[in-house]
Amino acid sequence: MTTEEDTPAQGDSVPADSADLAEDAQTKAAGERRSGVGRAPRWWTSFPYHWDSDEMVGRRALLRLTVIASGALFAATAGIAALSKLWPLGQVDRQFVARVSDVPPGAVKYFNYPGPDDQAVLLHLTDGRFVAYSQRCTHLSCAVYFDDLRSKLICPCHDGVFDPQSGAPVAGPPQRPLSSIILEQDGDSLYALAEVPHEA
Amino acid sequence: MKRDPSHTLDSEIEVQTIRRASAPGQAAVLLAGLAIGALLMSVQLWLLTVALDLYLGGSENGIWPLAVISGLVFLGGILAASLIGRG
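Everything in this summary refers to the structure shown in the same document. (Residues numbered from 1 in each chain as written. Chains lettered and ligands numbered in written order. Predicted model: local features only at pLDDT ≥ 70, side-chain atom pairs only at ≥ 80, totals over all residues. Heavy atoms only, no water.)

Turning our eyes to something else, we now look at the state of the cysteines. Residue and element names in this part refer to chain A. Applying the stated rule across the entire model yields one disulfide over all chains. Each disulfide pairs two cysteine sulfurs, and for Cys142 the partner residue is Cys157, the sulfurs being separated by 1.9 Å. What sets the handedness of the Cys142 and Cys157 disulfide is the S-S torsion sign, and at about -95° it is left-handed. With Cys142 in the loop between strand S4 (130-134) and strand S5 (145-147) and Cys157 in the loop between strand S6 (152-155) and strand S7 (160-162), this residue pair connects regions lying 15 residues apart in the sequence. The thiol of Cys155 is not disulfide-bonded; the next cysteine sulfur, from Cys137, is found 3.6 Å away. You can call Cys155 buried: its relative accessible area is 2%. (Disulfide = S-S within 2.5 Å. Helix = DSSP H or I, 4+ residues; strand = E, 2+ residues; numbered from the N terminus. Buried < 20%, exposed > 50% of the residue type's maximum accessible area, 1.4 Å probe, protein only.)

So this is what it looks like as C-alpha coordinates:
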(Lines give C-alpha, C1' and ligand atoms only; values in the text may rest on other atoms or scores of the structure.)
Protein backbone atom coordinates (compact mmCIF):
# COMPACT_ATOMS: atom_id res chain seq x y z
CA MET A 1 0.00 0.00 0.00
CA THR A 2 1.46 3.34 -1.03
CA THR A 3 0.89 6.87 0.13
CA GLU A 4 1.36 10.18 -1.45
CA GLU A 5 4.84 10.27 0.00
CA ASP A 6 5.78 7.24 -2.02
CA THR A 7 4.92 8.79 -5.38
CA PRO A 8 7.95 10.32 -6.98
CA ALA A 9 8.19 14.05 -7.33
CA GLN A 10 7.96 15.55 -10.73
CA GLY A 11 11.11 16.49 -12.47
CA ASP A 12 13.30 13.59 -11.22
CA SER A 13 16.43 13.38 -13.36
CA VAL A 14 17.69 10.14 -14.97
CA PRO A 15 21.32 9.09 -15.34
CA ALA A 16 22.84 9.93 -18.67
CA ASP A 17 25.04 6.78 -19.03
CA SER A 18 23.51 3.96 -21.10
CA ALA A 19 24.57 1.21 -18.68
CA ASP A 20 23.09 3.10 -15.81
CA LEU A 21 19.93 3.60 -17.81
CA ALA A 22 19.55 -0.14 -18.36
CA GLU A 23 20.23 -0.99 -14.74
CA ASP A 24 17.93 1.73 -13.53
CA ALA A 25 15.17 0.39 -15.74
CA GLN A 26 15.57 -3.14 -14.33
CA THR A 27 15.52 -2.03 -10.71
CA LYS A 28 12.63 0.25 -11.40
CA ALA A 29 10.67 -2.61 -12.95
CA ALA A 30 11.44 -4.80 -9.96
CA GLY A 31 10.28 -2.06 -7.67
CA GLU A 32 7.10 -1.64 -9.59
CA ARG A 33 6.30 -5.33 -9.41
CA ARG A 34 7.12 -5.37 -5.69
CA SER A 35 5.01 -2.35 -4.88
CA GLY A 36 2.15 -3.38 -7.07
CA VAL A 37 1.60 0.13 -8.37
CA GLY A 38 2.43 1.68 -11.68
CA ARG A 39 5.57 3.56 -10.63
CA ALA A 40 7.92 2.93 -7.68
CA PRO A 41 9.69 5.82 -5.95
CA ARG A 42 13.21 6.46 -7.08
CA TRP A 43 14.74 5.95 -3.60
CA TRP A 44 13.08 2.53 -3.38
CA THR A 45 14.57 1.35 -6.64
CA SER A 46 18.00 2.53 -5.52
CA PHE A 47 17.84 0.27 -2.45
CA PRO A 48 16.40 -3.06 -3.55
CA TYR A 49 17.00 -4.91 -0.26
CA HIS A 50 13.85 -5.92 1.50
CA TRP A 51 13.76 -4.50 5.01
CA ASP A 52 12.54 -7.57 6.95
CA SER A 53 15.12 -10.00 5.64
CA ASP A 54 17.94 -7.51 6.09
CA GLU A 55 16.92 -6.83 9.68
CA MET A 56 16.61 -10.51 10.58
CA VAL A 57 19.98 -11.49 9.15
CA GLY A 58 21.83 -8.64 10.89
CA ARG A 59 20.57 -9.18 14.42
CA ARG A 60 20.65 -12.94 14.40
CA ALA A 61 24.18 -12.96 13.06
CA LEU A 62 25.18 -10.53 15.80
CA LEU A 63 23.58 -12.74 18.43
CA ARG A 64 25.48 -15.71 17.06
CA LEU A 65 28.70 -13.72 17.19
CA THR A 66 27.95 -12.80 20.81
CA VAL A 67 27.65 -16.46 21.74
CA ILE A 68 30.94 -17.23 19.98
CA ALA A 69 32.67 -14.40 21.84
CA SER A 70 31.22 -15.68 25.11
CA GLY A 71 32.67 -19.09 24.34
CA ALA A 72 36.06 -17.56 23.66
CA LEU A 73 36.03 -15.77 27.02
CA PHE A 74 35.06 -18.98 28.79
CA ALA A 75 37.83 -20.86 26.99
CA ALA A 76 40.37 -18.24 28.06
CA THR A 77 39.27 -18.42 31.70
CA ALA A 78 39.37 -22.20 31.66
CA GLY A 79 42.81 -22.06 30.07
CA ILE A 80 44.10 -19.87 32.88
CA ALA A 81 42.61 -22.25 35.43
CA ALA A 82 44.38 -25.16 33.73
CA LEU A 83 47.65 -23.19 33.65
CA SER A 84 47.41 -22.58 37.38
CA LYS A 85 47.48 -26.34 37.89
CA LEU A 86 50.04 -27.28 35.25
CA TRP A 87 52.49 -24.37 35.60
CA PRO A 88 51.80 -22.57 38.87
CA LEU A 89 53.69 -19.34 39.33
CA GLY A 90 55.41 -18.30 42.51
CA GLN A 91 57.09 -21.62 43.13
CA VAL A 92 60.84 -21.27 42.75
CA ASP A 93 63.78 -23.08 44.18
CA ARG A 94 65.48 -21.92 47.33
CA GLN A 95 67.49 -18.82 46.49
CA PHE A 96 70.42 -17.44 48.39
CA VAL A 97 69.82 -13.91 49.58
CA ALA A 98 72.65 -12.82 51.86
CA ARG A 99 74.89 -13.82 54.72
CA VAL A 100 73.70 -13.02 58.19
CA SER A 101 77.01 -11.35 58.98
CA ASP A 102 76.59 -9.02 56.00
CA VAL A 103 73.31 -7.58 57.28
CA PRO A 104 73.72 -6.13 60.79
CA PRO A 105 70.68 -5.13 62.86
CA GLY A 106 68.90 -2.13 61.36
CA ALA A 107 70.44 -2.74 57.95
CA VAL A 108 68.71 -3.43 54.69
CA LYS A 109 69.62 -5.39 51.58
CA TYR A 110 67.89 -5.24 48.22
CA PHE A 111 67.77 -8.35 46.07
CA ASN A 112 65.75 -9.92 43.22
CA TYR A 113 63.20 -12.60 43.97
CA PRO A 114 61.54 -14.74 42.63
CA GLY A 115 62.64 -13.63 39.17
CA PRO A 116 65.39 -11.31 37.95
CA ASP A 117 62.84 -8.54 37.38
CA ASP A 118 61.15 -8.89 40.77
CA GLN A 119 62.62 -6.56 43.34
CA ALA A 120 62.62 -7.45 47.03
CA VAL A 121 64.00 -6.02 50.25
CA LEU A 122 65.56 -7.82 53.22
CA LEU A 123 65.42 -6.16 56.62
CA HIS A 124 67.25 -7.07 59.82
CA LEU A 125 64.94 -5.70 62.46
CA THR A 126 66.21 -4.33 65.74
CA ASP A 127 64.63 -7.23 67.61
CA GLY A 128 66.88 -9.61 65.68
CA ARG A 129 64.35 -10.96 63.20
CA PHE A 130 64.97 -11.13 59.48
CA VAL A 131 62.03 -10.18 57.30
CA ALA A 132 61.74 -9.76 53.56
CA TYR A 133 59.07 -8.22 51.38
CA SER A 134 58.39 -7.61 47.78
CA GLN A 135 59.27 -4.07 46.83
CA ARG A 136 56.15 -3.77 44.69
CA CYS A 137 53.85 -1.27 46.34
CA THR A 138 50.31 -2.58 46.63
CA HIS A 139 48.92 0.75 45.46
CA LEU A 140 50.31 1.17 41.95
CA SER A 141 53.37 -1.14 41.98
CA CYS A 142 56.06 1.46 42.55
CA ALA A 143 59.27 0.22 44.24
CA VAL A 144 59.28 0.86 47.99
CA TYR A 145 62.49 1.57 49.88
CA PHE A 146 63.52 1.51 53.54
CA ASP A 147 63.90 4.91 55.15
CA ASP A 148 66.50 4.75 57.92
CA LEU A 149 65.36 7.96 59.58
CA ARG A 150 61.72 7.00 59.82
CA SER A 151 62.41 3.24 60.09
CA LYS A 152 59.58 2.63 57.67
CA LEU A 153 59.16 1.27 54.17
CA ILE A 154 58.25 4.23 51.97
CA CYS A 155 56.70 4.35 48.53
CA PRO A 156 57.98 7.47 46.79
CA CYS A 157 55.21 7.67 44.21
CA HIS A 158 52.31 8.59 46.48
CA ASP A 159 53.93 8.64 49.95
CA GLY A 160 52.65 5.24 51.01
CA VAL A 161 54.12 3.98 54.28
CA PHE A 162 54.45 0.34 55.36
CA ASP A 163 55.33 -1.11 58.74
CA PRO A 164 58.59 -3.10 58.48
CA GLN A 165 57.44 -5.45 61.25
CA SER A 166 54.51 -6.82 59.27
CA GLY A 167 54.49 -5.12 55.88
CA ALA A 168 51.06 -3.66 56.59
CA PRO A 169 50.22 -0.19 55.27
CA VAL A 170 50.18 2.51 57.95
CA ALA A 171 49.78 5.67 55.89
CA GLY A 172 49.06 6.83 52.39
CA PRO A 173 46.90 5.33 49.66
CA PRO A 174 47.99 1.65 49.88
CA GLN A 175 45.30 -0.54 51.40
CA ARG A 176 46.95 -3.97 51.28
CA PRO A 177 50.16 -5.24 52.93
CA LEU A 178 53.30 -5.95 50.96
CA SER A 179 53.82 -9.51 49.75
CA SER A 180 56.09 -11.20 52.25
CA ILE A 181 58.92 -13.55 51.39
CA ILE A 182 59.49 -16.66 53.47
CA LEU A 183 63.10 -16.86 54.63
CA GLU A 184 65.17 -19.75 55.88
CA GLN A 185 68.41 -19.40 57.78
CA ASP A 186 70.92 -22.14 57.19
CA GLY A 187 73.96 -21.38 59.27
CA ASP A 188 75.22 -18.01 58.20
CA SER A 189 73.21 -17.97 54.97
CA LEU A 190 69.76 -16.67 54.38
CA TYR A 191 67.60 -18.24 51.67
CA ALA A 192 64.32 -17.14 50.16
CA LEU A 193 61.84 -19.98 49.87
CA ALA A 194 58.59 -18.55 48.57
CA GLU A 195 56.66 -15.35 48.12
CA VAL A 196 53.33 -15.11 49.84
CA PRO A 197 51.04 -12.83 47.85
CA HIS A 198 49.04 -10.26 49.71
CA GLU A 199 45.40 -11.09 50.33
CA ALA A 200 43.16 -9.42 47.74
CA MET B 1 5.04 -11.79 -25.08
CA LYS B 2 8.40 -12.95 -23.99
CA ARG B 3 8.55 -13.84 -20.32
CA ASP B 4 11.08 -11.86 -18.32
CA PRO B 5 13.19 -14.31 -16.22
CA SER B 6 13.85 -11.66 -13.59
CA HIS B 7 10.12 -11.50 -12.89
CA THR B 8 10.15 -15.09 -11.66
CA LEU B 9 13.16 -14.42 -9.42
CA ASP B 10 11.51 -11.40 -7.81
CA SER B 11 8.36 -13.36 -7.15
CA GLU B 12 10.34 -16.11 -5.48
CA ILE B 13 12.15 -13.57 -3.40
CA GLU B 14 8.86 -12.01 -2.37
CA VAL B 15 7.43 -15.37 -1.34
CA GLN B 16 10.53 -16.24 0.64
CA THR B 17 10.51 -12.84 2.28
CA ILE B 18 6.87 -13.17 3.26
CA ARG B 19 7.56 -16.57 4.78
CA ARG B 20 10.50 -15.21 6.75
CA ALA B 21 8.67 -12.12 7.94
CA SER B 22 9.27 -11.57 11.62
CA ALA B 23 6.55 -12.30 14.16
CA PRO B 24 5.23 -9.39 16.19
CA GLY B 25 7.73 -8.52 18.92
CA GLN B 26 10.52 -10.64 17.47
CA ALA B 27 12.72 -7.62 16.96
CA ALA B 28 12.26 -6.60 20.58
CA VAL B 29 13.15 -10.11 21.75
CA LEU B 30 16.29 -10.05 19.64
CA LEU B 31 17.32 -6.66 21.01
CA ALA B 32 16.70 -7.81 24.57
CA GLY B 33 18.78 -10.91 23.92
CA LEU B 34 21.62 -8.84 22.52
CA ALA B 35 21.52 -6.47 25.50
CA ILE B 36 21.57 -9.30 28.04
CA GLY B 37 24.30 -11.03 26.04
CA ALA B 38 26.46 -7.93 26.12
CA LEU B 39 25.96 -7.61 29.86
CA LEU B 40 26.91 -11.24 30.46
CA MET B 41 29.95 -10.87 28.23
CA SER B 42 31.14 -7.98 30.37
CA VAL B 43 30.75 -10.25 33.42
CA GLN B 44 32.79 -12.93 31.68
CA LEU B 45 35.45 -10.39 30.79
CA TRP B 46 35.65 -9.34 34.44
CA LEU B 47 35.97 -12.97 35.51
CA LEU B 48 38.81 -13.40 33.03
CA THR B 49 40.69 -10.40 34.40
CA VAL B 50 40.27 -11.63 37.98
CA ALA B 51 41.49 -15.10 37.01
CA LEU B 52 44.52 -13.65 35.25
CA ASP B 53 45.29 -11.43 38.22
CA LEU B 54 45.11 -14.39 40.61
CA TYR B 55 47.29 -16.53 38.37
CA LEU B 56 49.96 -13.88 37.91
CA GLY B 57 49.86 -13.22 41.64
CA GLY B 58 50.78 -16.81 42.31
CA SER B 59 47.49 -17.85 43.85
CA GLU B 60 46.27 -21.30 42.88
CA ASN B 61 42.98 -21.17 44.72
CA GLY B 62 39.89 -19.45 43.51
CA ILE B 63 40.57 -19.68 39.77
CA TRP B 64 38.55 -22.81 39.06
CA PRO B 65 35.29 -21.36 40.45
CA LEU B 66 35.71 -18.43 38.10
CA ALA B 67 36.04 -20.78 35.13
CA VAL B 68 32.94 -22.69 36.26
CA ILE B 69 30.89 -19.50 36.52
CA SER B 70 32.11 -18.36 33.12
CA GLY B 71 31.13 -21.73 31.68
CA LEU B 72 27.64 -21.48 33.15
CA VAL B 73 27.25 -18.04 31.60
CA PHE B 74 28.33 -19.44 28.25
CA LEU B 75 25.90 -22.36 28.47
CA GLY B 76 23.14 -19.96 29.39
CA GLY B 77 23.97 -17.89 26.35
CA ILE B 78 23.76 -20.93 24.09
CA LEU B 79 20.40 -21.88 25.57
CA ALA B 80 19.04 -18.37 25.19
CA ALA B 81 20.27 -18.09 21.61
CA SER B 82 18.66 -21.41 20.69
CA LEU B 83 15.35 -20.36 22.25
CA ILE B 84 15.40 -17.04 20.41
CA GLY B 85 16.30 -18.81 17.20
CA ARG B 86 13.29 -21.07 17.44
CA GLY B 87 11.00 -18.10 17.92
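What follows deals with the sheet that holds S7(A). Residue and element names in this part refer to chain A. With antiparallel pairing, the four strands of this open sheet are ordered in space as S5-S6-S7-S8. Looking at the sheet topology across the chains shown, the edges are occupied by S5 and strand S8 (169-171). Strand after strand, the sheet turns through a mean of 40° between neighbouring axes, direction not considered. Sheet analysis places S6 next to S7, joined by three bridges and oriented antiparallel. From the neighbouring strand, Ile154 faces S7, where its bridge partner is Val161. (Pairing = 2+ DSSP bridges. Axes fitted to C-alpha atoms, helices over the stretch in contact; angles between N-to-C directions.)

Geometry only, nothing functional implied.
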